[in-house]
Amino acid sequence: MAGCVTRVELSVSCRSLLDRDLGSRSDPLCVLLQDTGAGQWAEVDRTERIKNCQNPEFCKKLVVDYYFEKVQKLKFGVYDIDNKSFDLNDDDYLGGIECTLGQVVSSSVFTRTLELKQGKPAGKGTITISAEEIKDTRVVYLEIEARNLDKKDFLGKSDPFLEFYKQSDAGTWQLVYRSEVIKNNLNPSWKKFSVPLQTFCGGDFNKPIKVQCADHDSNGSHDLIGTFETNLTELQKAGDSSPMEFECIHPEKKQKKKSYKNSGIIRIKSCKIETEYSFLDYVMGGCQINFTVGVDFTGSNGDPRSPDSLHYISPDGTNEYLIAIWSVGSVVQDYDTDKLFPAFGFGAQIPPSWQVSHEFALNFNPSNPYCPGIQGIVDAYRQILPQIRLYGPTNFSPIINHVARFAAHSAQQGTASQYFVLLIITDGEITNLDQTRQAIVNASKLPMSVIIVGVGEADFKAMEFLDGDNGVLKSLTGEPAARDIVQFVPFRQFKNAPREALSQVVLAEVPKQLVSYYKWQGWPPVKPPEVKMM
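Computed from a prediction, not measured in an experiment: that's the story for all the values here.

(A) Examining the layout of surface pockets more closely. What the second largest pocket holds in volume is close to 470 Å³. The wall of the second largest pocket is formed by 17 residues, among which Asp 35, Val 71, Gln 72, Glu 500 and Gln 504 lie closest to the centre. Looking at the lining of the second largest pocket, the elements with two or more residues in it are strand 2 (28-37), helix 6 (320-332) and helix 11 (499-507). Of the residues belonging to the lining of the second largest pocket, the class tally is 3 nonpolar, 8 polar and 6 charged.

(B) Region of interest: the pairing of strand 24 (residues 418-426). Buried residues dominate strand 24, accounting for 8 of its 9 residues. Note that strand 17 (residues 288-296) and strand 24 share 8 bridges and pair parallel. Opposite Asn 290, over in strand 24, you have Phe 420 as the bridge partner. Across 7 bridges, the pairing between strand 24 and strand 25 (residues 448-454) is parallel. The residue of strand 25 that forms the bridge with Thr 426 is Gly 454. The parallel pair strand 24 and strand 25 is bridged by helix 9 (residues 433-443), and the resulting crossover is right-handed.

(C) Focus on the packing of aromatic side chains. One pass over the full model with this rule turns up 22 aromatic pairs. Their ring planes at 80° and their centres at 5.6 Å tell us that Phe 346 and Phe 396 sit as a pair that is edge-to-face. Placement of the pair is Phe 346 in strand 18 (residues 340-346) and Phe 396 in the loop between strand 23 (389-390) and helix 8 (397-411), with a sequence separation of 50 residues. Judged by its relative accessible area of 0%, Phe 346 falls in the buried class. Accessibility expressed as a relative area gives 1% for Phe 396, which makes it buried. An aromatic cluster is defined as three or more aromatic residues linked by ring pairs; in this entry it consists of Tyr 277, Tyr 282, Tyr 419, Tyr 517, Tyr 518, Trp 520 and Trp 523. Seen from the ring of Tyr 165, Lys 210 lies directly overhead, with NZ or CZ sitting 5.7 Å from the centre.

(D) Summary view of the environment of Asp 215. You can see Asp 215 is positioned in strand 13 (residues 209-215). The buried category is assigned to Asp 215, whose relative accessible area is 0%. Beyond its immediate sequence surroundings of up to four residues, Asp 215 is in contact with Lys 152, Asp 153, Ser 158, Asp 159, Phe 161, His 222, Asp 223 and Ile 225. A polar contact of 2.7 Å, which involves the side chain of Asp 215, links it to the backbone nitrogen of Asp 159.

(E) Layout of the side chain of Glu 163. Within the secondary structure, Glu 163 sits in strand 10 (residues 160-167). Residue Glu 163 is classed as buried on the basis of its relative accessible area, which comes to 9%. Engagement of the side chain of Glu 163 in a polar contact is seen with the side chain of Tyr 165, the distance being 2.8 Å.

(F) The arrangement of empty space enclosed by the protein in detail. Tallying each qualifying case throughout the model produces 1 cavity of 30 Å³ or more. Taken as a whole, the largest cavity holds about 50 Å³ of empty space. Along its surface, the largest cavity is lined by Tyr 66, Tyr 67, Lys 70, Val 71, Gln 72, Thr 100, Leu 101, Gly 102, Val 331, Asp 334 and Tyr 335. Within the lining of the largest cavity, the residues separate by chemical class into 6 nonpolar, 3 polar and 2 charged. Summarising the domain contributions, the lining of the largest cavity has at least three residues from each of domain 1 (6-134) and domain 3 (292-521).

The rules behind the values
- Residues numbered from 1 in each chain as written.
- Predicted model: local features only at pLDDT ≥ 70, side-chain atom pairs only at ≥ 80, totals over all residues.
- Heavy atoms only, no water.
- 1 Å grid on protein atoms, 1.4 Å probe; cavity = no way out; pocket = protein on both sides within 12 Å on 5 of 7 lines; lining within 4 Å.
- Points joined across faces, edges and corners; volume = space filled by probe spheres on them.
- Helix = DSSP H or I, 4+ residues; strand = E, 2+ residues; numbered from the N terminus.
- Nonpolar A, V, L, I, M, F, W, Y, C, P; charged D, E, K, R; others polar.
- Buried < 20%, exposed > 50% of the residue type's maximum accessible area, 1.4 Å probe, protein only.
- Pairing = 2+ DSSP bridges.
- Right-handed = clockwise from strand over helix to strand, strands pointing away.
- Phe/Tyr/Trp six-rings, centres within 6.5 Å; stacked < 30°, edge-to-face > 60°.
- Lys NZ or Arg CZ within 6 Å of the ring centre and 35° of its normal.
- Contact = heavy atoms within 4.5 Å.
- Polar contact = N/O pair within 3.5 Å; in protein donor to acceptor, adjacent residues only side chain to side chain.
- Domains from an automatic or database assignment.

Below is the structure:
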C-alpha cells in the first residue's frame, strides 16, 4: 500500500457567522474531523479561538495527511467557545460543512455555505478553505571529484567515499548523504547526486555542513582521509568553469606535522538547486485529471441475463463492473471540474447494423460520449446492456488509442494542464496482445495512465505482462515503454474487502506516473507554487 503522499495544511476563514453571544459577538474556533469509516468521525486538528469576531481568519493551520487514492471525507465544524473545556459538546454550534480532501486540494479556493444541519443554512455564514502542501520542494544537485588524496591502503591506493553531515540545532552532526565507494583511486569522480534541500540543510543556506572523505574497508573500520566544513551558500559558488576547491584536512596529521598541508583537494564541480514538483503541486497548479472508462462486452463474460454472467446485475443492483466503476470513479471525479466522463464499450455487436465494435459510446452518442458524473456512467451501462449482443474478440488497443489521441492533443500545448486516466474493466481473455503492447508503448510518451481491473476467474497472465512491474514492457519491434503507465489489479483479490480497498490499490501509482511524465518533459505546474524561503 502506498504511504501518505504528503501532508497538507489548510487555511480556514469564515464570513458572516451567526451571533450566539448576548451583548458581544461570537468567539469562533474551527475543528476538523475525518471520517474513519462506519459513520465514525475523529478529530484531526483545530484552530485557535478568536474573540468577538464574525469574520474570523484563523492563524493556526489545520494539518492533515493526504492520500490521492482514498476518498478522505472531512467535516469542518465552527463553534462559539465560551468556556475553557476542550469538549465542544457544551459550546454553541455555528455551522459546518462536509466535503472531501480531494475537493479542497483541487480547488485553489474552496468556499461553501455553512449548514446547521443537512439543508439548513447557518444564516449567511460561509467557510473558505485553501490547501498548501507542507514541504520545501527544492533539491540540491552536486557533482564532486577529488585530487591527490592520501594513500591509505598498504597494497593499493585508497577506496574513497564521501559523507555529508548537517549540524542540528543542538550542535550534533547528522548524516544526510553517503556517496558510492570508488575503488583504488586517489583522483576519484563521484556520480552526480541529489538530496532534498529540507534534508540537506533544513532549508537554511548558512547552516554548517561537514564533508568527510574516508577510505572504505570491507570490515567497516573506514580510515578518515580528511574533512572540511562549509555551507550551501559557499557550495553554490561552484560553476561549470570554476569549481570550488576545499582542502581535505586530517586533524591528527595537522597537529603532528608542521609541514602538513592537506590530505587532498575536494572539488565541487557544480552545485545547483532545482525545484522538484509533487503531484499536489500539479493538481493545485491547475492540472485536470480526465477520467475515461472502457467496458468489456465480449461473449466470454456470459449472457447478462444469466446469474453466472459477469454482467448480470444482482438483486442489490451491482456487479463487479459496476463496483469497479464506482470505487475508482469516486476518487478521480474530485479532480475533474466538468464532471463529464467519456465511457466506451468494446467487443459487442451494436444496433442497428449489429457490426462488432471495439470503441462504442455507452450512451450510443459517438459525437458526445460524455456521461454526467460517475452515476451517469452507471446509468448508461445499465441502459445499454439489454440493447447489445456480447461478442468478441477482446481488443483493447482502439480504446487506448482513442484516449491517446486526446492526450497527444493536450501534450502539444506543452503545459501540465491535462492528464488522462483510462480505466479498462475486462474479463481478461485478451486477443490482440501485440497491438495492445504497441498502443501502451506509444501512450507511455503521453500524459496518460492505464488502469486495468480484471473481473471474473480468468487467467490474467497477459494483463500481468502489460503491467511492467517485472521489467520494462516492449512493443513487438522491441521498442521499450518510456515509463510504466499500466496498473493491473484482479478484482477477485478484493471481493470481500471494503470497497475503498480496490481504489486505493488501483490508484496508488497514478501520482507517481503523473509526476514522472511532467518531470520527463521538464514542465512545471501551470501555476507553480510560491517557494517560501525558510
